[in-house]
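Structure assessment
Here is what each chain is made of, one letter per residue.
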Amino acid sequence: MSGIDTEKFKSSIGSNSEMAEVNKDTELVTEFDVQLTPTIMVNEIMIEDPFDYEAIKDAMDK
């Protein structure tokens, strides 16, 4: 496991110290009805095709 602090990782798992972040992600998935990964949103508007550069650019320009 190159580059990973395994002791910190084990400690985080044991203490559930990152659960608030996991729960925040879960709440966002539910709130915005995210169906797939990756999902791209611009100003709370979901881009239908996350690989459509022009749609992403247009949403950002608006």
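Heads up: the structure comes first, above all this text.
Note that the structure is a prediction, hence the values are computed from the model and not measured. (Residues numbered from 1 in each chain as written. Predicted model: local features only at pLDDT ≥ 70, side-chain atom pairs only at ≥ 80, totals over all residues. Heavy atoms only, no water.)

1. Looking at a negative patch on the surface
Among the surface-exposed residues, Glu48, Asp49, Asp52, Glu54 and Asp58 lie close enough to one another that they form a single negatively charged patch. Considering the arrangement of structural elements, one finds Asp52 in the loop between β2 (45-46) and α3 (53-61). (Patch = residues over 30% accessible without salt bridge, like charges linked within 9 Å, V, L, I, M, F, W, Y side chains within 5 Å. Areas by Shrake-Rupley, 256 points an atom, 1.4 Å probe, with all protein chains shown as cover. Salt bridge = Lys/Arg side-chain N within 4 Å of Asp/Glu carboxyl O. Lys, Arg positive; Asp, Glu negative; His and termini not counted. Charge placed at Lys NZ, Arg CZ, Asp CG, Glu CD. Helix = DSSP H or I, 4+ residues; strand = E, 2+ residues; numbered from the N terminus.)

2. A look at a nonpolar patch on the surface
A cluster of nonpolar side chains, namely Ile4, Phe9 and Ile13, defines an oily patch on the protein surface of about 300 Å² accessible area. Residue placement: Ile4 occurs in the segment before α1 (6-15). For Ile4, a relative accessible area of 45% puts it in the partly exposed group. (Buried < 20%, exposed > 50% of the residue type's maximum accessible area, 1.4 Å probe, protein only.)

3. Brief notes about helix α2 (residues 19-31)
When the terminal C-alpha atoms of α2 are compared, their 18 Å separation across 13 residues agrees well with the 18 Å that a helix rising 1.5 Å per residue should span. Looking one or two residues beyond α2, the residue adopting positive phi is Asp33, at roughly 50°. (Expected span 1.5 Å × (residues − 1).)

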